[in-house]
Amino acid sequence: MIKKITSIDDLSIKEINKIADDAIKFSLNKKKTKKSKVRNIFNLFLEPSTRTTVSFELAAKKIGHNIININFDKSSLSKGETFKDTMATLVSMNPDALIIRDQREFSPRDIYNNHKISVINAGDGKNEHPTQSLLDYAILKKKFGNKKITIGICGDIKHSRVAHSNIKLFTKLNYNIELIAPDYFLDKNNLLKINKNIKYRNSLNNIDNLDVIMMLRIQKERINKNLKSSVASFKNKYCLNMKHLKSKPFLMHPGPVNRNIEISDDVLDSYRRSLILDQVEMGVYTRMACLEFLF
Ligand code: NCD
């Protein structure tokens, strides 16, 4: 049976909890990998990546699958082949699944529909990054259990696929969501379609009510030229420093971090309740759970 994780919308709350629970069990060494058939997985990354690509590769290898990494420079796309022709070529080798990161929104879903193969979306433009939010949830579930926490998400929400998947997932979980961003990094009409009860703030002051603050990277590659000057103004007002963290919320960031734009050096290097590297570690376990879900 073919399956897809192209959006948080593809998963029921039961499936989401199963993936998170399995990831937590892997992290606690309480679950053995299933001895399934060896599968051939293509890991196609057409945008830069460190954590996501390595964690998918490691996850597949830990389960005993074959994983083949392909990036733009190594593929015939760099010789001028069209995306459609590259896809047809890859699919004709009958992979059991394709993991894809692409700047084109919805391309993972289109590949699933057109080629009838199992697909995982590893980030499609500013649309979604479902496995990142699954790993974020696994971290939160490990810390808070089933508590309906209050989570603040701060930064370039408009261009962040991580934010879009997380807002969908946290809405399904009935978390209290507070978005902290200047207007130029928000698309409120779009967000209203996902959740009418989101709170908005335009400053990081007085965030004592938050259990967790999640900072996001400014997506320079997706920001048009007239927004470039906003980076400086964002940094002045929203760069997270120790003064914002008096009530000691947990800190998350999907990485990579732009130091001293989103998070100050001292917070990044010495804040005790940072979960940023735990997120990286949980990424491997969550992707193992996602691959088990697929097969
Ligand atoms: C994120 C991404 O690529 O969307 N990174 C990641 O996968 N950990 C976040 C980002 O690049 O800002």
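Residues numbered from 1 in each chain as written. Predicted model: local features only at pLDDT ≥ 70, side-chain atom pairs only at ≥ 80, totals over all residues. Heavy atoms only, no water.

Looking now at the packing of aromatic side chains. Enumeration according to the criterion identifies five aromatic pairs in this entry. With 4.9 Å between their ring centres and 70° between their planes, Y184 and F185 make a pair best called edge-to-face. Taking the relative accessible area as the measure of exposure, Y184 reaches 25% and is therefore partly exposed. Taking 5.1 Å as the distance between ring centres and 10° as the angle between the ring planes, the aromatic pair formed by F234 and Y238 counts as stacked. Residue F234 and its partner Y238 are located together in helix 8 (residues 230-238), separated by four residues, close to a single helical turn. Residue F234 shares its accessibility class with Y238, and that shared class is buried. (Phe/Tyr/Trp six-rings, centres within 6.5 Å; stacked < 30°, edge-to-face > 60°. Buried < 20%, exposed > 50% of the residue type's maximum accessible area, 1.4 Å probe, protein only. Helix = DSSP H or I, 4+ residues; strand = E, 2+ residues; numbered from the N terminus.)

With that out of the way, let us pick up empty space enclosed by the protein. Taken as a whole and assessed by the stated rule, the structure comprises two cavities of 30 Å³ or more. For the largest cavity, the calculated volume is near 60 Å³. In this structure, the largest cavity is lined by R51, S55, Q132, L135, H253, P254, Q279, V280, G283 and R287. Mapped onto the lining of the largest cavity, the elements with two or more residues apiece are helix 2 (51-63), helix 5 (130-144) and helix 10 (276-294). In terms of domain composition, the lining of the largest cavity takes at least three residues from each of domain 1 (4-129 + 283-294) and domain 2 (132-279). Lining the second largest cavity, in full, are K34, S36, I63, H65, L291, E292 and F295. (1 Å grid on protein atoms, 1.4 Å probe; cavity = no way out; pocket = protein on both sides within 12 Å on 5 of 7 lines; lining within 4 Å. Points joined across faces, edges and corners; volume = space filled by probe spheres on them. Domains from an automatic or database assignment.)

End to end, helix 6 (residues 161-172) covers 17 Å across 12 residues, agreeing with the expected 16 Å (1.5 Å per residue, within 8%). Buried residues dominate helix 6, accounting for 10 of its 12 residues. Taken together, the buried positions of helix 6 are R161, V162, A163, H164, S165, N166, I167, K168, L169 and F170. Looking at where helix 6 begins, the residue whose side-chain oxygen comes 3.3 Å from the main-chain nitrogen of V162 is S160. Of the residues flanking the end of helix 6, it is N174, one or two places downstream, whose phi is positive at about 60°. (Expected span 1.5 Å × (residues − 1). Polar contact = N/O pair within 3.5 Å; in protein donor to acceptor, adjacent residues only side chain to side chain.)

So, about helix 10. Look at helix 10: 27 Å from first C-alpha to last across 19 residues, which is about the 27 Å you get at 1.5 Å a residue. Taking the largest bend as the criterion, helix 10 deviates by roughly 30°, centred on M282. With 15 of its 19 residues buried, helix 10 lies for the most part within the structure. (Bend = angle between axes of the 7 residues up to and from the residue.)

Turning our attention to the site of the ligand. For the ligand, the full set of nearby residues is R51, T52, R101, H129, Q132, R161, V162, R217, Q219, P254, G255 and P256. Comparing atom positions with the cavity grids shows the ligand to sit within the largest pocket. Of the residues that constitute the shell around the ligand, the class distribution is three nonpolar, five polar and four charged. (Near = heavy atom within 4 Å. Sits in = over half its atoms within 2 Å of the grid points. Nonpolar A, V, L, I, M, F, W, Y, C, P; charged D, E, K, R; others polar.)

With that settled, the discussion passes to the packing of helix 2 against helix 10. Following both chains from N to C, one finds helix 2 and helix 10 inclined at 55°, their axes separated by 8 Å at the closest point. Comparing the axis directions of helix 2 and helix 10 gives the class oblique. Considering how the two elements wind past one another, helix 2 and helix 10 form a crossing that is right-handed. Of the residues in helix 10, those in contact with R51, T52, S55, F56, L58, A59, A60, K62 and I63 of helix 2 are V280, G283, V284, R287, M288, L291 and E292. In terms of residue class, the contact of helix 2 with helix 10 is made up of nine nonpolar, three polar and four charged. (Axes fitted to C-alpha atoms, helices over the stretch in contact; angles between N-to-C directions. Parallel < 35°, antiparallel > 145°, perpendicular 65-115°, else oblique. Left-handed = near helix turned anticlockwise from the far one by under 90°. Contact = heavy atoms within 4.5 Å.)

This part covers the domain arrangement of the protein chain. Partitioning the protein chain into domains gives domain 1 (4-129 + 283-294) and domain 2 (132-279). If you average the C-alpha positions of domain 1 and of domain 2, the two centres end up 25 Å apart. Taken together, the contact between domain 1 and domain 2 spans 30 residues of the former and 24 residues of the latter. Joining domain 1 to domain 2, the criterion identifies five salt bridges. Between K141 and D21 there is a salt bridge whose closest N-O contact spans 2.8 Å. Between the two partners, domain 1 and domain 2, sit 17 residue pairs in polar contact (both at pLDDT 80 or more). Sorting the residues of the side of domain 1 that touches domain 2 by element identifies helix 1 (13-27), strand 4 (97-102), strand 5 (118-124) and helix 10 as the ones contributing at least two each. With nine residues, the top contributor of residues to the side of domain 1 that touches domain 2 is helix 1. Here the residues of the side of domain 1 that touches domain 2 sort into 11 nonpolar, nine polar and 10 charged. (Salt bridge = Lys/Arg side-chain N within 4 Å of Asp/Glu carboxyl O.)

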